[in-house]
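Breakdown of the fold
As a plain string of letters, each chain reads:
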Amino acid sequence: MNETISIRQISKRFKEKTVLNTIDLTMQEGSIYGFIGPSGAGKTTLVKMIVGMEKPDSGSISVLNQAVPNFSLLQEIGYMAQSDALYPELTGKENLTFFASLYQLSKTEMKERITYAARLVNLTDQLSKKVSAYSGGMKRRLSLAIALIQNPKILILDEPTVGIDPELRQSIWQELIQLKEAGKTIIVTTHVMDEAERCDYIAMIRDGAIITRGTPAELKEQYHATSFDEVFLNAGREK
Ligand SMILES: Nc1ncnc2c1ncn2[C@@H]1O[C@H](COP(=O)(O)OP(=O)(O)OP(=O)(O)O)[C@@H](O)[C@H]1O
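Residues numbered from 1 in each chain as written. Predicted model: local features only at pLDDT ≥ 70, side-chain atom pairs only at ≥ 80, totals over all residues.

**Some remarks on the overall build of the protein chain**
- The helix and strand inventory of the protein chain stands at eight helices and ten strands.
- For the protein chain, the spread of C-alpha atoms along the principal axes amounts to about 50 × 40 × 35 Å.
- Buried positions account for 39% of the 239 residues belonging to the protein chain.
- Taking the contacts inside the protein chain whose residues are at least 6 apart along the sequence as the reference set, 65% of them involve residues at least 24 apart. (Helix = DSSP H or I, 4+ residues; strand = E, 2+ residues; numbered from the N terminus. Buried ≥ 20, exposed ≤ 12 C-beta atoms within 10 Å, placed from the backbone. Contact = placed C-beta atoms within 7 Å.)

**A few points about the UniProt feature "domain: ABC transporter" (unreviewed entry) in the protein chain**
- According to UniProt, the positions carrying the feature "domain: ABC transporter" (unreviewed entry) are residues 5-232.
- A distance of 25 Å separates the end C-alpha atoms of residues 5-232, which is 33% helix and 28% strand. (UniProt positions renumbered as here; feature names shortened; annotations may be inferred.)

**Quick look at the sheet that holds strand E6 (residues 77-80)**
- Taken in spatial order, the six strands of this open sheet run E6-E7-E8-E3-E9-E10, and their pairing is mixed. Two strands bound the open sheet, and with one partner strand each, they are E6 and strand E10 (209-214). Taken over all neighbouring pairs, the strand axes of this sheet differ in orientation by 15° on average, direction set aside.
- As defined by bridge partners, strand E7 (residues 154-158) adjoins strand E8 (residues 185-190) across five bridges and the pair is classed as parallel. Along E8, the bridge assignment pairs leucine 155 with isoleucine 186.
- Relative to E7, helix H1 (residues 43-51) is tilted by about 155°, and along the sheet it contacts strand E3 (31-36), E6, E7, E8 and strand E9 (201-206). (Pairing = 2+ DSSP bridges. Axes fitted to C-alpha atoms, helices over the stretch in contact; angles between N-to-C directions.)

**Let's talk about the sheet that holds strand E1 (residues 3-14)**
- Reading across from one edge, E2-E1-E4-E5 is the order of the four strands in this open sheet, with antiparallel pairing throughout. Because the sheet does not close on itself, it has two edges, and the strands there are strand E2 (17-28) and strand E5 (66-67).
- For E1 and strand E4 (residues 58-63), the ladder comprises five bridges, and the chain directions are antiparallel. Across the sheet, residue arginine 8 finds its bridge partner in E4, namely serine 60.
- Running at roughly 55° to E2, H1 makes contact with E1, E2 and E4 of the sheet.

**Considering unusual backbone geometry**
- Cis geometry is found at the peptide bond from valine 68 to proline 69, where omega equals 0°.
- In this structure, lysine 15 is a non-glycine residue whose phi angle is positive, near 55°.
- Locating lysine 15 in the fold gives a position in the loop between E1 and E2.
- A positive phi angle, near 50°, is found at leucine 64, a position not held by glycine.
- Inspection of the secondary structure assignment puts leucine 64 in the loop between E4 and E5.
- Judged by the 19 C-beta atoms lying within 10 Å of it, leucine 64 is partly exposed.

**Quick word on the nonpolar core**
- Counting residues in hydrophobic clusters, the biggest one holds 64 residues, and the most contacted among them are Ile50, Ala117, Ala145 and Ile156.
- At six residues, helix H4 (residues 136-147) tops the list of elements feeding residues into this core.
- Residue contacts for alanine 145: discarding those within four places in its chain leaves Leu96, Ala117, Ala118, Leu120, Val121 and Leu123. (Core = buried A, V, L, I, M, F, W, Y, C linked by C-beta atoms within 7 Å.)

**As for helix H3 (residues 107-120)**
- Counted at 1.5 Å a residue, the expected span for H3 with its 14 residues is 20 Å, and the 20 Å between its end C-alpha atoms agrees.
- Those residues of H3 lying buried are Arg113, Ile114, Ala117, Ala118 and Leu120. Within H3, the buried residues cover an arc of 155° as seen down the axis, which keeps them to one side. Within H3, the exposed residues directed more than 90 degrees away from the buried face are Thr108 and Arg119.
- Structurally, H3 contributes buried residues whose contacts are with helix H2 (92-100), H4 and helix H5 (166-181).
- In the stretch just after H3, asparagine 122 is the one whose phi turns positive, near 60°. (Expected span 1.5 Å × (residues − 1). Arc of directions from axis to C-beta.)

The structure is reproduced here in structure tokens:
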């Protein structure tokens, strides 16, 4: 499998606080990576660096063999931020069309991608409503559809299923698994342990460092745990 993301010796401070401390991580196509850790651990800062929105103080990141930041990578990275960046006065469809128009898509592709993304997040029947009338969960779903709109090779989702009901969460995960099987590299940050279990590979982040990493099965064995909640608690205690 090809390596798609390489993070080398990344560190970052905000004022006197070290938020990321010499992080090393490589990722491959066709896999889902879970970044898990307590609030304030540094997960969002790390994913923003991969997208190119935050600059490390030291170290480097490359995505698809190109150094980040790189304008041309935006076509290949779908990013769903923790807070929704939507246009409330536009309808769901207008939002999707606007974001799709930022990418190199033919008219037919654009139409197909909008139909696909809206269906995936179960918003097809709500597309003509203004986003200002959407619930919190609907806004999250629309943000996820936007992250997928250009069919990127890399998908970075910061707490994608917060505010999404269990049934839809299930179908979103089914789709994420299909996308990884189609060769995408997917990063998900989460606090939800049963979601962590669905990832192929976990990096557990605490106080800006990766305190443990491995497949869910490896981590359960390492921490003599039967559930992922236990892995999380035991790893935190050992630290
Ligand atoms: N722009 C900024 N300026 C100053 N401090 C920041 C900035 N962005 C993040 N931080 C701090 O960096 C630390 C890590 O934040 P980050 O958002 O990466 O954590 P997180 O693991 O994603 O947390 P959560 O799970 O709550 O989203 C926190 O202490 C936060 O307050």
